[in-house]
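# Summary of structural features
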Amino acid sequence: MSSDNTAIIQAAFQRCKTWKSPDRNTINNWIEKLRTTASVRDNKPGSRARTVRTPENIERVRTAVIRSPKRSARRQVVAPNISNRSLRRISHTDLHFTGRTNSNSARVVGP
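These numbers come from a predicted model, not from an experiment.

Turning next to a nonpolar patch on the surface. On the surface, W30, L34 and V40 cluster together into a nonpolar patch covering about 270 Å² of accessible area. Here L34 is to be found in helix α2 (residues 24-37). Note on L34: relative accessible area 47%, which makes it partly exposed.

Looking now at unusual backbone geometry. Non-glycine residue A38 carries a positive phi angle of around 65°. Looking at the secondary structure, you find A38 in the loop between α2 and α3 (55-67). The phi dihedral of H96 falls on the positive side, at around 55°, and the residue is not glycine. Here H96 shows up in the segment after α5 (84-94).

Further remarks concern the packing of aromatic side chains. In this structure the tally under the stated criterion is one aromatic pair. Between the aromatic rings of F13 and W30, the centroid separation amounts to 6.0 Å while the plane-to-plane angle is 40°, which identifies the pairing as tilted. Linking F13 in helix α1 (residues 3-15) with W30 in helix α2, this pair joins segments that are 17 residues apart in sequence. On the accessibility criterion, F13 (21% relative accessible area) is partly exposed.

Scoring rules and cut-offs
Residues numbered from 1 in each chain as written. Predicted model: local features only at pLDDT ≥ 70, side-chain atom pairs only at ≥ 80, totals over all residues. Heavy atoms only, no water. Patch = residues over 30% accessible without salt bridge, like charges linked within 9 Å, V, L, I, M, F, W, Y side chains within 5 Å. Areas by Shrake-Rupley, 256 points an atom, 1.4 Å probe, with all protein chains shown as cover. Salt bridge = Lys/Arg side-chain N within 4 Å of Asp/Glu carboxyl O. Helix = DSSP H or I, 4+ residues; strand = E, 2+ residues; numbered from the N terminus. Buried < 20%, exposed > 50% of the residue type's maximum accessible area, 1.4 Å probe, protein only. Phe/Tyr/Trp six-rings, centres within 6.5 Å; stacked < 30°, edge-to-face > 60°.

Structural data, given as structure tokens:
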């Protein structure tokens, strides 16, 4: 990238009163990234892998709830060795656990 092209880009930024003109190296990095990736966006890191809501843990929670539906969520945590918040998240999101019914027994909806 020639320095006169960089100067043209810096002058265009200076004409716009709301932004400060970027450094020459920044502009060169943008141009290089545009040439290699066809975008000037930053690469975002990938999302974290789910370590608790695995199919195995979902099945463990499902069997624990079906085996003893009257047991409280706090006591359900002990059997599958999963944190309280993770058990509640699995029960609500994955198993569509609806809580207690009028007959005081738990209902689990799911495949």
